[in-house]
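In case you want the letters, here they are:
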Number of protein chains: 2
Amino acid sequence: MNAHIITIGDEILIGQTLNTNAAFIGTLLSQNQINVSKTSVVGDDEQDIINEFNVCWAKNDLVICTGGLGPTIDDVTRKCIVQFFESELILDQEVLADIKERFERLKRVVTKLNEDQAMIPQCAVPIKNRKGTAPGYWIEQDKKIFIALPGVPSEMKEMMLSFVIPELKNKIGDLKKIRKTLSLLTTGIPESTLFQKLGNLSEILQGAKIAFLPNQFGTKLRISDEAEDERVVDLKLSEIELRIKALVGRYIYGKGDDDISETVCKLLIDRGMRISIAESCTGGNISNRLTNISGSSKFFDRGIVAYSNAAKVELLKVDEETIIKFGSVSEEVAKEMAIGIKEVSGTDLGIGITGIMGPTGATDGKQIGTVFIAIADDTDVFSRKFLFGDDRILNKDRASQAALDVIRRYLLGISLET
Amino acid sequence: MNAHIITIGDEILIGQTLNTNAAFIGTLLSQNQINVSKTSVVGDDEQDIINEFNVCWAKNDLVICTGGLGPTIDDVTRKCIVQFFESELILDQEVLADIKERFERLKRVVTKLNEDQAMIPQCAVPIKNRKGTAPGYWIEQDKKIFIALPGVPSEMKEMMLSFVIPELKNKIGDLKKIRKTLSLLTTGIPESTLFQKLGNLSEILQGAKIAFLPNQFGTKLRISDEAEDERVVDLKLSEIELRIKALVGRYIYGKGDDDISETVCKLLIDRGMRISIAESCTGGNISNRLTNISGSSKFFDRGIVAYSNAAKVELLKVDEETIIKFGSVSEEVAKEMAIGIKEVSGTDLGIGITGIMGPTGATDGKQIGTVFIAIADDTDVFSRKFLFGDDRILNKDRASQAALDVIRRYLLGISLET
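About the criteria used
Every residue gets a number counted from 1 within its own chain, in the order that chain's sequence is written. Both sets of labels track the order of writing: A upward for chains, 1 upward for ligands. Under the rules for a predicted model, residues below a pLDDT of 70 receive no local features and side-chain atom pairs below 80 are neither given nor counted, while totals for whole chains, interfaces and linings still include all residues. Only heavy atoms go into the side-chain values, all of them from the structure, while hydrogens and water stay out. Starting at the N terminus, helices and strands are each numbered in turn, a helix being any DSSP run of H or I of at least four residues and a strand any DSSP run of E of at least two. A simple rule labels every residue: compare its accessible area, found with a 1.4 Å probe on the protein chains alone, to the largest value its type can have, and call it buried under 20%, exposed over 50%, or partly exposed in between. Contacts are residue-level and defined by heavy atoms, with any inter-residue pair within 4.5 Å sufficient. Per-residue accessibility takes into account occlusion by the displayed protein chains alone, with areas from the Shrake-Rupley method and a 1.4 Å probe. For this count, His and the chain ends are skipped, Lys and Arg are scored as positive, and Asp and Glu as negative. For charged residues, the charge sits on one atom: NZ in Lys, CZ in Arg, CG in Asp, CD in Glu. Buried area is understood as the total, over both parts, of accessible area removed when two parts are fitted together, assessed with a 1.4 Å probe. What makes a salt bridge here is a side-chain nitrogen of Lys or Arg within 4 Å of a carboxyl oxygen of Asp or Glu, nothing more. In this classification, the charged set is Asp, Glu, Lys and Arg, the nonpolar set is Ala, Val, Leu, Ile, Met, Phe, Trp, Tyr, Cys and Pro, and all remaining amino acids, among them Gly, are polar. Strands are treated as partners if at least two bridges between them are detected by DSSP. To define axes, lines are fitted to C-alpha atoms, for helices over the stretch in contact only, and angles between the resulting N-to-C directions are given on a 0 to 180 degree scale. The copies are overlaid by a least-squares fit using only the C-alpha atoms of residues whose pLDDT is at least 70 in both copies. N or O atoms closer than or at 3.5 Å make up a polar contact, with two conditions inside protein: a donor-capable atom paired with an acceptor-capable one, and, for residues adjacent in sequence, both atoms drawn from side chains. The aromatic pairing rule takes the rings of Phe, Tyr and Trp, using the six-membered ring of Trp, and pairs them if the centres are within 6.5 Å, calling planes under 30 degrees apart stacked, those over 60 edge-to-face and the rest tilted. Note on terminology: angles under 35 degrees are roughly parallel, angles over 145 are roughly antiparallel, angles of 65 to 115 are roughly perpendicular, and the others are oblique. By definition, any crossing whose near helix is turned counterclockwise from its far helix by less than a right angle is left-handed, and any crossing with a clockwise turn is right-handed. Confidence of the predictor at the level of single residues is captured by pLDDT, which takes values from 0 to 100. What counts as a disulfide here is a pair of cysteine sulfur atoms lying within 2.5 Å.

Visitor: Please give an account of the overall build of chain A that cites residues and values.
Guide: Along the backbone of chain A there are 16 helices and 17 strands. The principal-axis extent of the C-alpha atoms belonging to chain A is close to 80 × 60 × 40 Å. Expressed as a percentage of the 418 residues in chain A, the buried residues total 57%. A sequence separation of at least 24 residues applies to 66% of the contacts in chain A between residues at least 6 apart. Surface exposure of chain A reaches about 17,200 Å², of which carbon and sulfur atoms provide 49%. Side-chain charges of chain A comprise 51 positive and 60 negative groups, with the mean position of each set lying 3 Å from the other.

Visitor: Give a description of the interface of chain A and chain B that names residues and reports values.
Guide: Listed by partner, the interface residues are 84 residues for chain A and 84 residues for chain B. Counting each side, the surface lost to burial between chain A and chain B is near 7,000 Å², with a carbon and sulfur contribution of 53%. Per-residue buried area on chain A facing chain B is highest for Q16(A), R302(A) and Y307(A); these three make up 8% of the total on that side. Inspection of the region where chain A meets chain B yields nine salt bridges. Here D10(B) makes a salt bridge to K209(A), at a shortest N to O gap of 3.5 Å. Across the side of chain A that touches chain B, the residue classes break down as 32 nonpolar, 33 polar and 19 charged.

Visitor: If you had to explain the sheet that holds strand β2 (residues 35–42) of chain B to someone new, which residues and values would you point to?
Guide: Here twelve strands make up an open sheet; going across it, the order is β6(A)-β7(A)-β8(A)-β3(A)-β1(A)-β2(A)-β2(B)-β1(B)-β3(B)-β8(B)-β7(B)-β6(B) and the pairing mixed. Strand pairing shows two members of the sheet lacking a second neighbour, β6 (125–127) of chain A together with β6 (125–127) of chain B, which therefore form its edges. If you compare each strand with its neighbour and ignore which way they point, the axes differ by 20° on average. Sheet topology places strand β1 (residues 2–8) of chain B next to β2(B); seven bridges connect them, and they run parallel. Bridge pairing in β2(B) places I5(B) opposite T39(B).

Visitor: Can you tell me about the relation of the copies chain A and chain B, naming the residues and giving the values?
Guide: Once chain A is rotated about the relating axis by 180° and shifted along it by 0.0 Å, it coincides with chain B to within an RMSD of 0.1 Å. Such values leave the two copies arranged in the relation of a two-fold axis. Both copies present the same face, since 100% of the interface residues in chain A are matched by interface residues at the equivalent positions in chain B.

Visitor: An account of the pattern of salt bridges is needed here, citing residue identities and associated values.
Guide: One pass over the structure, following the stated rule, counts 50 salt bridges over all chains. For D116(A), the salt bridge identified is with R78(A), shortest N-O distance 2.9 Å. Of the two residues, D116(A) sits in helix α6 (residues 112–116) while R78(A) sits in helix α4 (residues 77–84), which places them 38 residues apart along the sequence. For D116(A), a relative accessible area of 30% translates into the label partly exposed. Notably, a salt bridge pairs D259(A) with R289(A), separated by 3.0 Å at the nearest N-O pair. Residue D259(A) is located in the loop between β12 (252–255) and α11 (260–271), and its partner R289(A) is located in helix α12 (residues 285–291); the two are separated by 30 residues in the primary sequence. For R289(A), a relative accessible area of 8% puts it in the buried group. Residues joined in a network through salt bridges with shared partners are R274(A), D301(A), R302(A) and E314(B).

Visitor: Explain the side chain of D377(A) residue by residue, including any values.
Guide: All names here are of chain A. Relative to the assigned elements, D377 resides in the loop between β16 (370–376) and β17 (381–387). The side chain of D377 sits in the buried core without any salt bridge; K342 is the nearest counter-charge, 7.0 Å away. A polar atom in the side chain of D377 sits 3.0 Å from the backbone nitrogen of T379. Only 2.7 Å separates the side chain of D377 from the backbone nitrogen of D380, close enough to count as a polar contact. Among all residues touching D377, those that are not within four sequence positions of it are K342, D348, L349, F382 and Y410.

Visitor: For helix α4 (residues 77–84) of chain B, give the residues involved together with the corresponding values.
Guide: Along α4(B), six of the eight residues are buried, which leaves the element largely enclosed by surrounding structure. Looking one or two places after α4(B), you find E86(B), whose phi comes out positive at around 45°.

Visitor: Got a sec to walk through the side chain of K342(A)? Specific residues and values, please.
Guide: Residues and elements named next belong to chain A. You can see K342 is positioned in helix α15 (residues 331–345). Looking at K342, the relative accessible area reads 13%, which means it is buried. A polar atom in the side chain of K342 sits 2.7 Å from the side chain of D378.

Visitor: How would you explain the environment of E88(A) if you had to name every residue and give the values?
Guide: Residues and elements named next belong to chain A. Tracing the backbone shows E88 in the loop between α4 and β4 (89–91). E88 gets classed as partly exposed once you look at its relative accessible area, which sits at 49%. Separated by ten residues in sequence, E88 and R78 have C-alpha atoms that sit 10.0 Å apart. In this view, E88 contacts V82, I120, P121 and Q122; residues no more than four positions away in its chain are not counted.

Visitor: Explain the packing of aromatic side chains residue by residue, including any values.
Guide: Applying the stated rule across the entire model yields 22 aromatic pairs over all chains. Between F53(A) and F146(A), the ring centres sit 5.0 Å apart and the planes meet at 80°, which makes this aromatic pair edge-to-face. Placement of the pair is F53(A) in helix α3 (residues 46–59) and F146(A) in strand β8 (residues 144–149), with a sequence separation of 93 residues. Here F53(A) falls in the buried class, since its relative accessible area comes to 1%. With 5.6 Å between their ring centres and 65° between their planes, F53(B) and F84(B) make a pair best called edge-to-face. On the criterion of sequence distance, the pair formed by F53(B) in helix α3 (residues 46–59) and F84(B) in helix α4 is long-range, its members being 31 residues apart. One aromatic cluster is present, built from ring pairs that chain together F53(A), W57(A), F84(A), F85(A) and F146(A).

Visitor: I'd love a proper account of the packing of helix α8 (residues 191–198) of chain B against helix α10 (residues 230–248) of chain B, names of residues and values included.
Guide: Each pair of packed helices can be described by the angle between their axes along with the distance between the axes. All names here are of chain B. Running from N to C, α8 and α10 cross one another at 110°; their axes reach a closest spacing of 9 Å. As the angle between them shows, α8 and α10 are arranged roughly perpendicular. The chirality of how α8 crosses α10 is right-handed. Mapping the contact onto sequence places L194, K197 and L198 in α8 and I244, L247 and V248 in α10. Considered class by class, the residues forming the contact of α8 with α10 number five nonpolar, no polar and one charged.

Visitor: Tell me what's going on with unusual backbone geometry, and back it up with residues and numbers.
Guide: At the junction of G358(A) and P359(A), the peptide bond is cis and its omega measures out at 0° in the coordinates. Backbone geometry places E86(B), a non-glycine residue, at a positive phi of 45°. If you trace the backbone, E86(B) turns up in the loop between α4 and β4 (89–91). You can call E86(B) exposed: its relative accessible area is 75%. Of note in this structure, K317(B) is not a glycine but carries a positive phi near 60°. Looking at where K317(B) falls in the secondary structure, it is placed in the loop between α13 (309–316) and α14 (320–326). Owing to a relative accessible area of 57%, K317(B) belongs among the exposed residues under this scheme.

Visitor: So what's going on with the confidence of the model for chain A? Which residues, and what values?
Guide: Looking at chain A as a whole, its pLDDT mean stands at 92, while 99% of the residues score no less than 70. The complex model carries a pTM of 0.74, and its ipTM stands at 0.73.

Visitor: Account for the state of the cysteines, naming residues and giving values.
Guide: A complete count under the given rule lists zero disulfides over all chains for this structure. Summary of cysteine pairing: C123(B) is not part of a disulfide, and the nearest cysteine sulfur, belonging to C65(B), is at 12 Å. Free cysteine C281(B): the closest other cysteine sulfur is in C265(A), separated by 18 Å. Overall, C281(B) belongs to the buried group, its relative accessible area being 5%.

This is how it looks when you write it as structure tokens:
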């Protein structure tokens, strides 16, 4: 089954909004053995949209489009669908009841605009929207499937997971060839060094495909292979995983879409340890990532963003002398921050991080991108110096990733040094 | 001039990586009056890539592709370019010198893989890469332009800004019709209510186009129009802006790509006021957003992520009795947090925020999505209750946006209530 994903909206074409929808749908389809042949983006122009429907519907078994189903005048997708499938709009009582019930719950008044969203193309089965008002459409014609979903990511996602994917699975049944992907997530090692450490790739891969995907959080290794028997692919991928782990296992913190904060979260909960974080240069980024994990209150007690020197001294008991002698960006201050937050919080571990994120702030001997991270336990304090790039936002991500990796390495007994 | 943006990479097609590159390039081209006709994504397959080059090169004056220029075996774009333009690879000494100089600075060893990146197609002018090793290519043929850039966003961005856009401007010269876009960013008002408050849109717009673009941070109004005289478009858009502001000005916090943290940053610096933040449910998200702004140390002193009740009591002097009587998610606790952080920091303003982000944590009378935000000044403390949705990560964004909007409204003397 070949699929094409169309994203509709000027805001995507001209880059004002990121195309997270195509990414999400692409992931789900691939995971379910549906081949995504191509994705495209077209603007909010009726003729452009209908042209794209024509091209994609001719070449594929499945077309999924998102966007343009909202209540305002710039939303033209419904009109295009009616025209393309030569259908007409009819009122769906069930959709109308859903909309009214939703507004009731959020204590808002139903407007005429919202009610109009219950008018759906006659050729379509409505897809329930549990997160908003615009329903999706499921249309089957000529043994092909056309699906239209709203552009609001949370609404589209819920519909994909609770309706579209289960329905597609029903339709497809068993497929002949199973394609599977294994993603190993590394951090703390440059892409080219990783490539070298892996050595003879064809021996490791035995015919499978590999991609190296670097970003500010590390390099993802995406390995994929296919076979007629699912167990054969699974076995092969797990053998590849073992061979890769034997060579570069210390850098691997997770699989698939894991965030390293989830890895750290599991390790801390397993060990029954609590942690507190003292951040200067990352400004709350680390605490924010840890608290993105549901259940983080089990191990995360508090964080202090000590941006000013006064805050470091008052809240973390950093010695003013240390700041004067070594500078606020120094190994010594990072260590005192780690010890300080651990003491004031009474947690098992404390993290201290200080650095220069740019674009300004370089001092003699300390260039932009310099970061010191320390971790304190009951008996000792360990630290490491890092050197990142010159982009402030990327550096905050890199530094928070490195800090979370310091915690991971500490808990697994891996040296903090490369 | 019509442009097509091609993004190359399985990781984009199957949704493992977001297509931020097409968004960034689309924005820049539109801002420079180049019409983006379509964007597409193809996988790392040589034949698919060459097919896409063929289609796009035939239909457009400008093709920009990103991805597949890295040092590892999955990077095939260079090979495809050599084949498509019937060219060959030659060593570029200047590119080689750049690579060596970069590695020297980062204190890393140049590998054979890195050196190989100095081999570039003979038909191309190399584009200097200041953030990484792979150079970009600029190819002119048949009065058309083909540009290939690395897929790593920071590298691609730097090349677009410092080389591609200035060169394109030179080539294009003056264009006949000028198209301009005005984006007004609103928050704290649902899309359909915003639409209603605007009333008679055709009277406001006088022929210009409008789009309503909602996300967890608010609704963006994108208004665009074109004319032969730039001053005519500018005047018309500023008149539209005035008409819209007269109706819904209190909800507008910025323009274009502004983040509300920038708006708040400017207001605080203008007024010479310092702020400190006490976060529970947002877990550092607000501090992180404020410190994303370079220069935030001018007004941001410290933040405390008081996740546990103990942290609220110990660090923020919240009364234990208040927590027992009203619950840790309550207006009273938010107010005491705001007063507490202001007092322990000695800042002009203090912010307190507490809520239930989900997926668990609902208590009797308080559903998931309930958030209380308070702001304290020298004489008083103000607060507001919010009700968001049920997605943890989106709720953190919504709550931090609402808190930043509370600061904005306070500083501008706008009521905190809708």
